[in-house]
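# Coordinates in review
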Amino acid sequence: MLTLAWVPARAADTGVPAPALRLLDGQGRQHDLAGLRGKVVYLDFWASWCGPCRQSFPWMNQLQQRHAKDGLAVVAVNLDTEAKDAATFLARYPASFSVLYDAAGASAKAWGVKAMPSSYLIDRQGAIRSRHIGFRPSSAAELDAQIAALLQTP
Amino acid sequence: MQLTPDLQTDHAISHPLGLLTAAALALMPATAQAVAPPDSTSVTVSYLSYQDYDAQRDRMQVHAPQLHLRTALGERFGLEMAATVETMSGASPEFHNALSGASGKGIADRRRAADAKLSHYFDRVVLGLGLAYSDEDDYRSRGAGLDVQWLSEDQNTTLVAGLGSSSDHISATDRPLIQQRRHGKEAMLGLTQVLSPVAIVQSNLTYSRGHGYFSDSYKALDRRPDSRHQLAWLTRYRHYLPALQAAVHLDYRYYRDSWGVRAHSLETSWYQPVGERWLLQPSLRYHSQAAARFYSDRFPPARFNTLYSADSRLGALGAVTVGLKASWHYSAQTTVALLAEHYQQRASWHAGGQGSTAMMPFKANWLSLGVGHRFE
Amino acid sequence: MRICLLLSMTLLAGCATVQPWEKGHLAKPIMAFDPDPLTARQHKQIYTSKEAASGGQGVGTGGCGCN
């Protein structure tokens, strides 16, 4: 479960519709994952106390910057119980992508998050294509390739 | 509603420094997240000043600069290293012995010690190889250990198993003909369990068997067994109090060995963050031990050619340590810490009994000042 | 599970599975088993040289001529 390469989601998950995700952003506005249908979504569950999460932020910034025009949306769901901790983290490691908040962790439960961080790649049809646990800079190139390939797919 | 692709305003607001939280990123227990080497390099230097004394006079002083380093080597390896040079000065080398006043000569000894541990991180397994070295004029010790940690799939349980060995060489500075050896082997089994979002416990059982020379060549008539089998059972509990943002530590060690020593050591500390920059940490430790079978208060011994030691450290006694540590976060990366502790040993503090009556009360104070820095 | 029960009985604490995102408190440095490795080494050295009991902190940590 801590493999750091992309693992295809389990057979039962491959291509299954992504669970619902409706959460508030820092300004209290509600966002719905279903509204991103037609885009490729990189969804990341993180917390301020998680070391690899810190390393993943610069990479996710790059990803957003490079592929936003190709129809990629990077969405990060923060699972800190204290909003203050997330704010401190973001002050040190700014995010140029969407950050939503779920202090209760209900979304993490619905998505079956097994470790921090956990991320999901969702295709334009709203189906989960793969899941990824942990983050290592060396696996970034492989992730890039996976995402680029999915962006080519209509 | 469409997801807003750019929420810069979220973090454009100025936030409190949150240094303690930021520092929290530096060091995490294995059960909290994906198993990985430390994500930053940290270096700590500290200076220890130790002094012990009895009612009459100062007896011994130790000054020791210390260095600690923790770093990742690539994405799969972690390295931890520590080194120290202790300079001891005082009345006698057997600085803690009721009989030692006899020699009374001034001594200065130096101990150089270093240890290193290399860890290899697999997905849910960590392999560790440790080496330790300690060298004095009259004593040299080398140790090596190998341990394996398994993390359960839900990351709430960690099992650890380890094997170690040590090889010591003993001489006496005043009698070059004394050349002795001691060998030890040890095995450890441990379990770490997350009990709740605020509680975690660890229990480690260590069994060791040593063979060779255990006597103290500086002490007259000191004659100890040529083997020592030891069992140490250490249980550590950590509890977080969200309302106070404080942590309570509780450690208990049960110890017994083939010399007849039975000991209980109980230690508790309170970690209290104060504001954004301070951490105060009062601590209390109590230790009680039963005497080794061959320990005697009497000198000389009643009979010669039997196992005998008047080393008060092998007597029945109780000991208390009271300590306070204050840490100041200069920045998210740099911390300065001052630790002061007072230690007292008394026969009468021995739990459930009088203790070894001829023993003199013993006191020690130590102070340690350290600076730690985390490189990003 | 049996171990979990045993531990919870010993420590009078609950043992429900803690989810990965519920470990923020446990991840704090002040909750580490050894938050200060240098002080731990100092203590080991001092107590080993003043008391008859020792050990429990791990394997291969070596000895000294202090006991």
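Residues numbered from 1 in each chain as written. Chains lettered and ligands numbered in written order. Predicted model: local features only at pLDDT ≥ 70, side-chain atom pairs only at ≥ 80, totals over all residues. Heavy atoms only, no water.

Per an unreviewed UniProt entry, chain C carries the name DUF4266 domain-containing protein and comes from Chitinimonas prasina.

Going by an unreviewed UniProt entry, chain A carries the name TlpA disulfide reductase family protein and comes from Chitinimonas viridis.

### Description of the overall build of chain C
Along its length, chain C carries 2 helices and 0 strands. The buried share of chain C, reckoned over its 67 residues, is 58%. Of the accessible surface of chain C, which amounts to about 2,700 Å², a share of 62% is contributed by carbon and sulfur atoms. (Helix = DSSP H or I, 4+ residues; strand = E, 2+ residues; numbered from the N terminus. Buried < 20%, exposed > 50% of the residue type's maximum accessible area, 1.4 Å probe, protein only. Areas by Shrake-Rupley, 256 points an atom, 1.4 Å probe, with all protein chains shown as cover.)

### Remarks on the nonpolar core
Judged by nonpolar contacts, the single largest core of 50 residues is most densely connected at A:Tyr42, A:Leu43, A:Phe45, A:Trp46, A:Phe57, A:Trp59 and A:Trp111. Filtering out sequence-adjacent residues up to four positions away, A:Leu43 remains in contact with A:Leu21, A:Val75, A:Val77, A:Trp111, A:Ser118, A:Ser119, A:Tyr120 and A:Ile122. B:Leu48, B:Val62, B:Phe362 and B:Trp366 belong to the second-largest nonpolar core, a separate cluster that totals 13 residues. (Core = buried A, V, L, I, M, F, W, Y, C linked by side-chain atoms within 4.5 Å. Contact = heavy atoms within 4.5 Å.)

### With respect to the packing of aromatic side chains
All names here are of chain A. Within this structure, the stated rule accounts for 19 aromatic pairs over all chains. Where Phe45 meets Trp111, the ring centres are 6.1 Å apart and the plane angle is 55 degrees; that geometry is what we call tilted. With Phe45 in strand β4 (residues 40-46) and Trp111 in helix α3 (residues 106-111), the pair connects residues that are 66 residues apart, well separated along the chain. Owing to a relative accessible area of 5%, Trp111 belongs among the buried residues under this scheme. Judged by centre distance (5.3 Å) and plane angle (55 degrees), the ring pair of Phe57 and Phe97 falls under tilted. Of this pair, Phe57 sits in helix α1 (residues 51-67) while Phe97 sits in the loop between α2 (83-92) and β6 (98-101); the two residues are 40 residues apart in sequence, bridging distant segments of the chain. By relative accessible area, which is 0% here, Phe57 ends up buried. (Phe/Tyr/Trp six-rings, centres within 6.5 Å; stacked < 30°, edge-to-face > 60°.)

### What about the confidence of the model for chain A?
All names here are of chain A. For chain A, per-residue confidence averages 88 on the pLDDT scale, and 91% of positions sit at 70 or higher. Confidence, read as mean pLDDT per element, is least for strand β1 (residues 7-8) in chain A (47) and greatest for strand β5 (residues 72-78) (97). Within the model, the stretch residues 1-12 combines pLDDT values under 50 with 42 contacts to residues more than four positions away or in other chains. (pLDDT = per-residue confidence, 0-100.)

### Examining a nonpolar patch on the surface
Residues and elements named next belong to chain B. Judged by side-chain polarity, Leu73, Phe77, Leu118, Leu129 and Leu146 come together as a nonpolar surface patch covering roughly 400 Å² of accessible area. In this fold, Leu118 is placed in strand β4 (residues 107-121). For Leu118, a relative accessible area of 34% corresponds to the partly exposed category. (Patch = residues over 30% accessible without salt bridge, like charges linked within 9 Å, V, L, I, M, F, W, Y side chains within 5 Å. Salt bridge = Lys/Arg side-chain N within 4 Å of Asp/Glu carboxyl O.)

### Side note on helix α4 (residues 140-152) of chain A
Residues and elements named next belong to chain A. Taking 1.5 Å of rise per residue, the 13 residues of α4 would be expected to cover 18 Å, and the 18 Å separating its terminal C-alpha atoms lies within 8% of that figure. Listed as buried for α4 are Ala140, Leu143, Asp144, Ile147, Leu150 and Leu151. Taken end-on, α4 shows its buried residues confined to a sector of 130 degrees, consistent with a single buried face. Exposed and facing more than 90 degrees away from the buried side of α4 are Ala141 and Gln152. Looking at the buried residues of α4, the elements they touch are β4, α1, β5, β7 (118-122) and β8 (128-133). (Expected span 1.5 Å × (residues − 1). Arc of directions from axis to C-beta.)

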